[in-house]
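# Survey of secondary and tertiary structure
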Amino acid sequence: MELKTKINAENGKQDLTITREFDLPVELLFKAYTEPEIIEQVMTNPYTTAKLLKYEGKKHGSYQTQSTDANGKIVFKSNGVFHEFTPNKKIIRTFEMENAPFGVQLEVYEFESVSDGTSRLKMHVIYESNAQRDQLLKMPFAQGLSMAHDRLQEIMSKLK
Amino acid sequence: MGLKTKFNAEEGKQDITITREFDLPVELVFKAHVDPEIIVQWKVQPNTTAKILKFGGKKHGSYQMQSTDSQGKIVSTVSGVIHEFIPNRKIIRTFEIENAPIGVMLEFYDFEPLTDDTSKLTMHVIYESGAIRDQLMKSPGGSGYTMGAAHDRMEEIMSKLK
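For the structure given in this document, a descriptive report is provided here. (Residues numbered from 1 in each chain as written. Chains lettered and ligands numbered in written order. Predicted model: local features only at pLDDT ≥ 70, side-chain atom pairs only at ≥ 80, totals over all residues.)

Here we come to the overall build of chain B. Tallying secondary structure elements over chain B gives four helices and eight strands in all. If you list the helices and strands of chain B from N to C, you get β-β-α-α-β-β-β-β-β-β-α-α. For chain B, the C-alpha radius of gyration of 15 Å lies close to 15 Å, the compact-globule estimate for 162 residues. Referenced to the eigenvectors of the C-alpha coordinate spread, the extents of chain B come out at roughly 40 × 40 × 35 Å. (Helix = DSSP H or I, 4+ residues; strand = E, 2+ residues; numbered from the N terminus. Rg over C-alpha atoms; globule rule 2.2 N^0.38 Å.)

Okay, the overall build of chain A next. Within chain A one finds four helices and eight strands. Of the regular secondary structure in chain A, the N- to C-terminal order runs β-β-α-α-β-β-β-β-β-β-α-α. Over its C-alpha atoms chain A spans a radius of gyration of 15 Å, differing by no more than 12% from the 15 Å that the globule rule assigns to 160 residues. Taking the principal axes of the C-alpha coordinates as reference, chain A spans close to 40 × 40 × 40 Å. Taken across its 160 residues, chain A has 28% of its residues classed as buried. Considering only contacts in chain A between residues 6 or more positions apart, those separated by 24 or more positions represent 44%. (Buried ≥ 20, exposed ≤ 12 C-beta atoms within 10 Å, placed from the backbone. Contact = placed C-beta atoms within 7 Å.)

What follows deals with the sheet that holds strand β6 (residues 90-97) of chain A. All names here are of chain A. Strand order in the open sheet formed by eight strands is β1-β2-β8-β7-β6-β5-β4-β3, with antiparallel pairing between adjacent strands. Pairing within the sheet leaves two strands with one partner each, and these edge strands are β1 (6-8) and β3 (49-55). Strand-to-strand, the axes of this sheet are offset by a mean angle of 20°, without reference to chain direction. Bridging between strand β4 (residues 62-68) and strand β5 (residues 74-86) involves seven bridges; their strand directions are antiparallel. (Pairing = 2+ DSSP bridges. Axes fitted to C-alpha atoms, helices over the stretch in contact; angles between N-to-C directions.)

A few words on the interface of chain B and chain A. Taken together, the contacts link 16 residues of chain B with 17 residues of chain A. Of all the elements, strand β5 (residues 74-86) of chain B adds the most residues to the side of chain B that touches chain A, at four residues. In the side of chain B that touches chain A, the residues fall into six nonpolar, seven polar and three charged. (Nonpolar A, V, L, I, M, F, W, Y, C, P; charged D, E, K, R; others polar.)

Next up on the list: the nonpolar core. Counting 46 residues, the largest nonpolar core has L29(A), A32(A), F111(A), V29(B), L106(B), F111(B) and I126(B) as its most contacted members. When sequence neighbours within four positions are dropped, the list of residues in contact with F111(A) reads V26(A), L29(A), F30(A), N88(A), K89(A), K90(A), S119(A) and L121(A). (Core = buried A, V, L, I, M, F, W, Y, C linked by C-beta atoms within 7 Å.)

In this section: unusual backbone geometry. For H60(A), which is not glycine, the phi torsion reads 70° and is therefore positive. Locating H60(A) in the fold gives a position in the loop between β3 and β4. We note that H60(B) has phi near 70°; this positive angle belongs to a residue other than glycine. Structurally, the position occupied by H60(B) is in the loop between β3 (49-55) and β4 (62-68). The buried category is assigned to H60(B), around which 22 C-beta atoms lie within 10 Å.

What follows covers the environment of F108(B). All names here are of chain B. Mapped onto the elements, F108 comes out in strand β7 (residues 105-113). Taking the C-alpha atoms as reference points, F108 and H83, separated by 25 residues in sequence, lie 9.7 Å from one another. Beyond its immediate chain neighbours, meaning those up to four positions away, F108 contacts I92, M123 and H124.

So, about the pairing of β6(A). Residue and element names in this part refer to chain A. In this structure, β5 lies alongside β6, joined through six bridges in antiparallel fashion. Across the sheet, residue N79 finds its bridge partner in β6, namely E96. Counted along the chain from β5 to the antiparallel partner β6, the turn is three residues long, and its residue N88 has a positive phi close to 65°. In this sheet, strand β7 (residues 104-115) lies alongside β6 in antiparallel orientation, the contact comprising seven bridges. Bridged to I91 within β7 is Y109. The hairpin turn running from β6 into β7, its antiparallel successor, is six residues long, and N99 in that turn takes a positive phi close to 55°.

This part takes up the sheet that holds β4(B). All names here are of chain B. Taking strand neighbours across the sheet as the criterion, the eight strands line up as β1-β2-β8-β7-β6-β5-β4-β3 in an open arrangement whose pairing is antiparallel. Unpaired on one side and paired on the other, β1 (6-8) and β3 mark the two borders of the sheet. Within this sheet the neighbouring strands show an average axis-to-axis angle of 20°, counted without direction. Here β4 runs beside β5; their pairing, made up of seven bridges, is antiparallel. Looking across to β5, one finds that Q64 is bridged to S79. The sheet strands contacting helix α1 (residues 26-34) are β2 (15-22), β6 (90-97), β7 and β8 (119-126), and the helix crosses β7 at an angle near 155°.

Nothing here speaks to function; it is geometry throughout.
Put into structure tokens, the structure is as follows:
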């Protein structure tokens, strides 16, 4: 099955462009990325449960997440800072997967209204090096991201 | 003057690596980057006065600095957030010149002691695109000379504190 989230990774570069269209008004799409309870739901999957340890959704705010498996073991932690936070339009943040060899990324999220009921998310993710980007792409990164976006669509559809 | 700071910008890439060795212990080089009173003495463009509006020198902190000319007119405001802050070792932060069309940069500063009295700073600066990087490097403010001259100033200021 073709993934709905599209990833464009130019050869030899250290960045990625990710686009996804949602059957959601842009306000709901933005809400899914900035409302702590919804972020936790989107980040939670059949194997792990996500929790936000910190979330200050504002310019110069910061965040920290933690995911645990069924036995309560911590399997994933991430954190970062918000450089820019413009409701329904743009978020620029740093992102780091803690204790992982992928370094720190700069992420630019652009939220665009396509029609009253549809919207587009564009993510530009910049890595410390091309090697780190390519290493991440060897993992099931595209599938994982697209599945998270599918979950986001499903969760937010109920709030329409 | 200003040439002790080395720039490496690979063709077609969107990042640069800047290295500089100082005749200063690593603690003093780090201090020059995190002490607001010292920052305004060297991280300033010629003929302007710098003022720190905000400086949260810690992990997940943020900063804002404004430069004014002799008439008090604002010349530039820079700001960003601090992702990582490890004293005498490492700073990772974002950097933006407000209202300038050059996007946001992610900057990695690595501080290394070489001997008790000398140290090395390695900066890795990542831009949103290669085009922005190349445009900035052509501008007078973004040239290696300007940063090298600032590093010279910093070395002179900090030498007095040895």
